[in-house]
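Reading the structure
This is what each chain is made of:
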Amino acid sequence: MRKLLFIFSPVLLALVIISCGTQTRVVSTWRTPHISVTAMSKVLVLGMMEDREAKDYIEKTMVRDMAAEGITAMTGTSEFGPRGFGNLTQEKVNKKLTDEGYSSIIIVCLTDKDKQINYTPGSAYYSPYGPAYYGYYGRYRSTYDNIYSPGYFTTSTTYVLDADLYSLPDDKLIYSAQTRSYDPANSRDLAQSFSEEIINDLAKNGIIKK
């Protein structure tokens, strides 16, 4: 039986990777056994990250996606300004949230960001027997291509975000999830991918009714 020799083009490989887009996955999730039916009647979305643009996109995208599910939600920035309520006492924050009729608050934190630089050789040689099986020229050719074909560097970035949902006014943690996002193109891409996964996971856990 004839064995096939595969040579992968670096350009083709890069196009395949790009076409995949951002991938966000929920890697862990927890919910309390008992959640009030009114827990999601009005939600405050609060982003916690140094990047102001990323914070705004996370908050606004989740508010938009919750609205699409019939949930009233507001951004933490619109209620407390860009720096949140770090300078307010808990009593003042509680009063404002109660006066505004919030039933829950979801806090989204960027807990880790890992960037890696990888080098890919200019050609990739695959054979079930190895290049030496195809004679001296096959062995020489594969090694030649690996040495003299230009390779390329790629940068991959992984973002780890936590989402914690607290019921109000009793301040009880009712849901918690952690996600990993791989190579978002920008802050908007990260926010959209993250929000979609969290909304779907909230529905999967019966917290949002779809």
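These figures come from a predicted structure and were not determined experimentally.

1. Notes on the packing of helix 2 (residues 52-68) against helix 6 (residues 187-204)
Close contact between helix 2 and helix 6 brings their axes to 8 Å; oriented N to C, the two are set at 40 degrees. Taken as axis vectors, helix 2 and helix 6 run oblique relative to one another. Seen from above, helix 2 lies across helix 6 with right-handed handedness. Listed contacts from helix 6 to Glu53, Ala54, Tyr57, Ile58, Thr61, Met62, Arg64, Asp65 and Met66 of helix 2 are Ser187, Arg188, Ala191, Gln192, Phe194, Ser195, Glu196, Ile198 and Ile199.

2. Quick look at the environment of Ala191
Along the chain, Ala191 falls in helix 6. The buried category is assigned to Ala191, whose relative accessible area is 0%. Spatially, the C-alpha atom of Ala191 lies 7.9 Å from that of Met62, the residues being 129 residues apart in sequence. Apart from the residues lying within four places of it in its own chain, the contact partners of Ala191 are Tyr57, Ile58 and Thr61.

3. As for the pairing of strand 4 (residues 72-75)
Where burial is concerned, the two faces of strand 4 differ: the one with Ala73 and Thr75 is buried and the one with Thr72 and Met74 is not. Examined bridge by bridge, strand 3 (residues 42-48) and strand 4 share 4 bridges and lie parallel to one another. Looking across to strand 4, one finds that Lys42 is bridged to Thr72.

4. Remarks on unusual backbone geometry
Between Leu168 and Pro169 the backbone carries a cis peptide bond, its omega angle lying at 5 degrees. Here Pro169 shows up in the loop between strand 7 (152-167) and strand 8 (172-182). Notably, Asp183 is not glycine yet its phi reads approximately 55 degrees, a positive angle. As for its placement among the helices and strands, Asp183 is situated in the loop between strand 8 and helix 6.

5. Some remarks on the environment of Asp189
Position of Asp189 relative to the elements: it lies in helix 6. Judged by relative accessible area, which is 22%, Asp189 ranks as partly exposed.

6. Considering the pattern of salt bridges
A side chain with one charge can pair with a side chain of the opposite charge if their charged atoms come near. Inspection of every chain in the model, using the stated rule, returns 4 salt bridges. Linking Lys96 and Glu79 is a salt bridge whose minimum nitrogen-to-oxygen distance equals 3.5 Å. With a gap of 17 residues between them, Lys96 in helix 4 (residues 90-99) and Glu79 in helix 3 (residues 76-80) connect regions that are remote in the sequence. Look at Lys96 and you get partly exposed, because its relative accessible area is 27%. Assessed through its relative accessible area of 17%, Glu79 is described here as buried. The salt bridge partner of Asp99 is Lys95, with a shortest N-O separation of 2.8 Å. A residue pair is termed a helical-turn pair when its members lie 3 or 4 positions apart in one helix, as Asp99 and Lys95 do in helix 4 at 4 residues. Of the residues examined, Asp99 reaches a relative accessible area of 54% and is grouped as exposed. For Lys95, a relative accessible area of 53% translates into the label exposed.

Parameters at a glance
- Residues numbered from 1 in each chain as written.
- Predicted model: local features only at pLDDT ≥ 70, side-chain atom pairs only at ≥ 80, totals over all residues.
- Heavy atoms only, no water.
- Axes fitted to C-alpha atoms, helices over the stretch in contact; angles between N-to-C directions.
- Helix = DSSP H or I, 4+ residues; strand = E, 2+ residues; numbered from the N terminus.
- Parallel < 35°, antiparallel > 145°, perpendicular 65-115°, else oblique.
- Left-handed = near helix turned anticlockwise from the far one by under 90°.
- Contact = heavy atoms within 4.5 Å.
- Buried < 20%, exposed > 50% of the residue type's maximum accessible area, 1.4 Å probe, protein only.
- Pairing = 2+ DSSP bridges.
- Salt bridge = Lys/Arg side-chain N within 4 Å of Asp/Glu carboxyl O.

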